[in-house]
Amino acid sequence: MPPSSLRVVYAFAREMHPKTTDVFIQYGTAGFRTKAILLEHVVYRMGLLAVIRSRVKNGRTIGMMITASHNLEPDNGVKLVDPDGEMLEEEWEAHATKLANVSDNDLEATTMEIIQEVKADMTLKASVFIGMDTRYTSPRLAAAAANGVIALKGTPKEFGIVTTPMLHFFVKCRNDNSYGTPTEEGYYEKIIGAYKNMRKSLPTKGDYSPCLYVDGANGVGGKKLKNVKKNFDEEELELHLFNLGGSGEKLNLGCGADHVKVTQTPAKGIPSTPYQRIASLDGDGDRLVYYYTDDKDKMHLLDGDRIATLLASYITELLQRCETTEVQLGIVQTAYANGASTKYITDTLKIPVQCVKTGVKHLHSAAHKYDIGVYFEANGHGTVLYSSKAKNVISRIAREGDPEPREAAKLLSQFIEMTNETVGDAISDLLLVETVLCARGISALQWMQLYTDLPCRQLKVTVADRNAIQTTDAERQCTSPEGLQQRINELVAKYPSGRAFARPSGTEDIVRVYAEAESQLEADTLAAEVCQAVFDLAGGVGARPELPATQE
Ligand code: G16
C-alpha cells in the first residue's frame, strides 16, 4: 500500500542532502562511483531505494556499502546488497539511476512512482544494514544513507568500518541464520574456525611455508587482518602485515591488488625477499592477488585466474576422493582471463569454463548454474558457490561414506564453511588459497609453474563519452563506434597468439584496453595500438596514452 504523502523525503533532501550537481550518474559495474563530493544526495536517495527494496522483499534486510573499492582516495561510491548477500538485481539498477538523477523538486513524485511500479507495501517493516570503508568521506555518506532509510520509516543498522564482503555476509546471515551470525565476530568464527579445523588434518608439508606477507592497500582489509592474525599460531599461518593505512599512507596508492595487477609491479612498502609469497588486497577487501619477486627482482603475478584454477583443481580432487559423480563443477571467467588459463582449464583440468561480462554480478549468476561454480575475474575478485544439491551430497558422504571418501567430504565441508559465498572476499579467499597450497605442499614458485601465462597489458584511454563504446560477445567485440572492431581485428592479426579488446569501465570514467600476445613487447605494443584506435575513433581527449616501460 503506497503512502499518501512523502513530504519528509523532500524535506530531508532539501535541508540535509540537496542535489548540487547536474552531472548524470549511472548505477555501474559496482553501484554508483565518482568523486565523493558529488555523491551525498545519491547515497541519501539509495537509502530510500533500499527501504523500498526491503519492503518488496517482505521486510528482509538489504545492505548498503559505502566504498569506491579499488579507486583512489577522492572517489567514493555506494552499492546495494540484495537479501541473499548478492549484488542488487539488475532490473533495479534503472530505478536506482532514475532516483539518483531527478531534481530535488521531483524526488517525492519519483519515489512515489517507483513505489507504485514495484508494488511495495509501505506498511511493512524495512531493515537496512550499512557499512563503510576507511575513506575520510565515508562517515558523512553513511549518515546520508541512514537518513534516507529513516525518511521512509525503515530501520538502519550501521556497522561502521567493515570490508565489503563482511557487509554482504551480515546481510545474508540476517536473512538466513543457518548461514552464520550477522556480526564481525560471527564472520571470524565461521571462516577462521573452518581454516583452523582444516589445518588440523593438513599439517605443513613439502615446500609450503605458512609465512605470508600481506599488502593491505592501506584500506579496511588490512586492518581486519590484524584481528584475523591473532587467531593463529605461526604454524597455522604466520601473517606479516604491511600497508595498513598509517599516517600519510594513501589508500590504493602504489599498493593494493589493482595496482599490482594493472601495473604488474610490486606494492610499495613491503620488504623485498626473493620468492616470498605476498598477498595483495584491494581497498575494501573484496579482491585478492598473489605475487612474488625472484632473485633477479622480477615480479611474478598470481592473479584471479591462478586462484580460480588452484581452488577448482583442489575441489575436483576432493570430489574424486569422495567417489561421487553427482556434483559437477564449472569455472566462470571474463574476457580479461589470460588465454593460457582458459587453455589450462580446458586441456589439463578438463573443467567446463564460461566467459561472461565484467562485473561480479554477471559471474555470480553464471556460477549459480553449476553444482559448484568457481568464479574469478583476473583482477582477483571471485569466490566459489555451492548449490544445495552439492552441499547435501557432500554432507551425506561426510556422515555415511566409507572412511576415505568420508575424510575427503569432511575436508570439503570445512572448505565450504571457509568460503564467503555471497561475493568475492579477500580474507576468505586468502585462507582458501593458503589451505590448498598447504594441502599440496607447494610454494608460490611451484604454483606459478602449473602453466605459463601469455604476456598481457591493460591500459586506460580517456574519451569524451565512454558510452560511445558498445560491446557484445561478453565484451570481446565492439559494436560501436563504427570501424573500431575492424581496426582492432587488423591490429590483432599482426601478432601470433594476439588478442585484444576495449570496453567502457563501469567504475571509472575511462575506456579499458586489454591485449595479450607471445611476448611482453608485443602485448604492450598491441595494447598501445588499440588505445590509439580507441582514441581516434571514439573521441579521445587529453594526451594520448603512453606505452608503459616493458619488463623484458
Ligand atoms: C568492481 C567490480 C568488479 C570489476 C571492477 C572493475 O570491482 O566489482 O567486478 O571487475 O569493478 O570494473 P570496471 O572495469 O567496469 O571499472 P571493485 O573491486 O572496484 O568493486
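Residues numbered from 1 in each chain as written. Predicted model: local features only at pLDDT ≥ 70, side-chain atom pairs only at ≥ 80, totals over all residues. Heavy atoms only, no water.

### Considerations on the overall build of the protein chain
Step number 1: From N to C terminus, the protein chain includes 18 helices and 19 strands.
Step number 2: Against the 2.2 N^0.38 benchmark of 24 Å for 552 residues, the protein chain shows a C-alpha radius of gyration of 23 Å, consistent with a compact globule.
Step number 3: Considering only C-alpha atoms, the protein chain reaches an extent of 70 × 60 × 50 Å along its principal axes.
Step number 4: Here the protein chain, with 552 residues, has 61% of them falling under the buried criterion. (Helix = DSSP H or I, 4+ residues; strand = E, 2+ residues; numbered from the N terminus. Rg over C-alpha atoms; globule rule 2.2 N^0.38 Å. Buried < 20%, exposed > 50% of the residue type's maximum accessible area, 1.4 Å probe, protein only.)

### What to know about the site of the ligand
Step number 1: As a structural note, the neighbourhood of the ligand is formed by 20 residues, with His70, Glu377, Ser505, Thr507 and Arg512 the closest of them.
Step number 2: One nitrogen or oxygen atom from the side chain of Thr29 is found 2.7 Å from an oxygen atom belonging to the ligand.
Step number 3: Here the ligand loses 98% of its free accessible area of 460 Å² to cover by the protein chains.
Step number 4: A per-class count over the shell around the ligand returns two nonpolar, ten polar and eight charged. (Near = heavy atom within 4 Å. Polar contact = N/O pair within 3.5 Å; in protein donor to acceptor, adjacent residues only side chain to side chain. Areas by Shrake-Rupley, 256 points an atom, 1.4 Å probe, with all protein chains shown as cover. Nonpolar A, V, L, I, M, F, W, Y, C, P; charged D, E, K, R; others polar.)

### Some points on the sheet that holds strand β5 (residues 155–161)
Step number 1: If you walk across this open sheet you meet the five strands as β1-β3-β2-β4-β5, and the pairing is mixed. One side of each edge strand has no neighbouring strand; the edge strands of this open sheet are β1 (32–35) and β5. Mean inter-strand twist for the sheet, computed between neighbouring axes without regard to direction, equals 15°.
Step number 2: In the sheet, strand β4 (residues 127–132) pairs with β5 via five bridges, with the strands oriented parallel. (Pairing = 2+ DSSP bridges. Axes fitted to C-alpha atoms, helices over the stretch in contact; angles between N-to-C directions.)

### Some details on the UniProt feature "domain: Alpha-D-phosphohexomutase C-terminal" (unreviewed entry) in the protein chain
Step number 1: UniProt records the feature "domain: Alpha-D-phosphohexomutase C-terminal" (unreviewed entry) for residues 487–532 in the present numbering.
Step number 2: Across residues 487–532 one finds 41% helix and 26% strand; the C-alpha atoms that close the span lie 10 Å apart. (UniProt positions renumbered as here; feature names shortened; annotations may be inferred.)

### Thoughts on the nonpolar core
Step number 1: Grouped together as the largest cluster of nonpolar side chains are 85 residues, with contacts concentrated most on Tyr290, Ile315, Ile372, Phe415 and Leu430.
Step number 2: In terms of residue count, helix α15 (residues 426–440) provides more of this core than any other element does, ten residues in total.
Step number 3: Setting aside residues up to four positions removed in sequence, Ile315 forms contacts with Leu329, Ile372, Val374, Val384, Tyr386, Leu412 and Phe415.
Step number 4: In this structure, Tyr27, Ala120, Ala144 and Ala145 belong to the second largest nonpolar core, which totals 47 residues. (Core = buried A, V, L, I, M, F, W, Y, C linked by side-chain atoms within 4.5 Å. Contact = heavy atoms within 4.5 Å.)

### So, the pairing of strand β9 (residues 288–293)
Step number 1: Of all six residues that make up β9, six are buried, and the element is covered over most of its length.
Step number 2: The side-chain alternation of β9 yields two buried faces, one formed by Leu288, Tyr290 and Tyr292 and the other by Val289, Tyr291 and Thr293.
Step number 3: Taken together, the four bridges between strand β8 (residues 278–281) and β9 define a ladder with antiparallel strand orientation. The residue of β9 that forms the bridge with Leu281 is Leu288.
Step number 4: Between the antiparallel neighbours β8 and β9 lie six residues, among them Gly285 with a positive phi of about 75°.
Step number 5: Where β9 and strand β10 (residues 299–302) come together, four bridges link them in antiparallel fashion. Bridging across to β10, Tyr291 finds its partner in Leu301.
Step number 6: Where β9 folds back on β10, the antiparallel hairpin that results is connected by five residues, among which Asp297 adopts a positive phi of roughly 70°.

### A closer look at unusual backbone geometry
One can expect most non-glycine residues to show negative phi and most peptide bonds to be in trans.
Step number 1: Between Ser480 and the following residue, Pro481, the backbone shows a cis peptide bond with an omega angle of 5°.
Step number 2: Structurally, the position occupied by Pro481 is in the loop between β17 (477–480) and α17 (484–492).
Step number 3: Positioned with a positive phi, Asp473 is a non-glycine residue whose angle comes to about 55°.
Step number 4: Mapping Asp473 onto the fold places it in the loop between β16 (470–472) and β17.
Step number 5: Taking relative accessible area as the criterion, Asp473 reaches 39% and is therefore assigned partly exposed.
Step number 6: Even without being glycine, Ala474 reaches a positive phi, approximately 50°.
Step number 7: Take Ala474: it is sitting in the loop between β16 and β17.

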